[in-house]
Amino acid sequence: MTEPTTRSGGCLCGAVRFEVAVPEAKFAICHCGMCRKWSAGPFMTVHTRGDQLRFFREEGLTWYQGSAWAQRGFCSLCGTSLFWRQAAHPEQDMAVSSEALDEADDLVLDRHIYVDAQPARYQFAGDEPRVTEAELMAKMGISPDENE
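Summary of the structure given here. (Residues numbered from 1 in each chain as written. Predicted model: local features only at pLDDT ≥ 70, side-chain atom pairs only at ≥ 80, totals over all residues. Heavy atoms only, no water.)

Attention shifts here to the nonpolar core. If you look at the biggest cluster of nonpolar residues, it comprises 20 residues, and the most contacted ones within it are F18, F83 and V96. Where this core is concerned, the elements lending two or more residues are β2 (16–22), β3 (26–30), β8 (81–86) and β9 (93–97). Looking at this core, the element that brings in the most residues is β2, giving four residues. Not counting residues up to four positions away in its chain, the partners in contact with V96 are F18, V20, M44, T45, V46, T48, L82, F83 and L101. Listed in part, the 14 residues of the second largest apolar core include C32, F43, I113 and L136. (Core = buried A, V, L, I, M, F, W, Y, C linked by side-chain atoms within 4.5 Å. Buried < 20%, exposed > 50% of the residue type's maximum accessible area, 1.4 Å probe, protein only. Helix = DSSP H or I, 4+ residues; strand = E, 2+ residues; numbered from the N terminus. Contact = heavy atoms within 4.5 Å.)

Okay, structure coming up:
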């Protein structure tokens with residue numbers, strides 16, 4: 001495992017600026033319906049812990065309770081999709097939009113999640129691992145009835 005790197009990022013208008021410690025130069029792509037609707041396409045993220053995120057500006061930051069167990073952070077001024085976190089443990093599992101990072105060219109695609117929700121209209125090349133909704137929920141310890 002490599003050393004974590006601190007990366008800066010923010011929204012389109014600059015009302016949200018942050019830095020985050022990213023443990024590995026890897027990103028994941030989520031194909032779930034909520035991410036696609038929220039970000040207008042598959043949501044590409046680096047994964048870290050919420051306690052590794054520090055804000056310089058958070059004037060536009062708004063958290064939306066998208067499900068019983070998850071929240072999505074975005075800029076309410078320009079609409080940029082920025083973060084996903086577990087509501088019960090915001091200091092733990094955190095996904096940060098790789099596209100909101102100032103520097104992301106070195107990131108390598110690590111995996112696809114919610115592949116069973118991916119629409120047929122687009123495909124990504126490569127043989128990276130593909131994880132279904134049930135597999136991800138089991139790994140996170142969330143029962144299927146909570147995921148609605």
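Next comes the rest of the account.
A word on the state of the cysteines. The final tally for this structure, using the stated rule, is zero disulfides. The cysteine C35 is free of any disulfide, with C30 supplying the nearest cysteine sulfur at 3.7 Å. Unpaired in terms of disulfides, C78 finds its nearest cysteine sulfur in C75, a separation of 3.8 Å. Residue C78 is classed as partly exposed on the basis of its relative accessible area, which comes to 28%. (Disulfide = S-S within 2.5 Å.)

Scanning all chains against the criterion turns up seven salt bridges. With its nearest N and O atoms 3.6 Å apart, the salt bridge here joins K26 to E24. Judged by relative accessible area, K26 falls into the partly exposed class, the value being 35%. Take E24: its relative accessible area is 28%, and that puts it in the partly exposed class. Close ionic contact of R57 with E59 constitutes a salt bridge, the shortest N to O distance being 2.5 Å. On the basis of relative accessibility, which here comes to 38%, the residue R57 falls in the partly exposed class. We classify E59 as exposed; its relative accessible area is 55%. Linked by salt bridges that have partners in common, E24, K26 and D110 make up one network. (Salt bridge = Lys/Arg side-chain N within 4 Å of Asp/Glu carboxyl O.)

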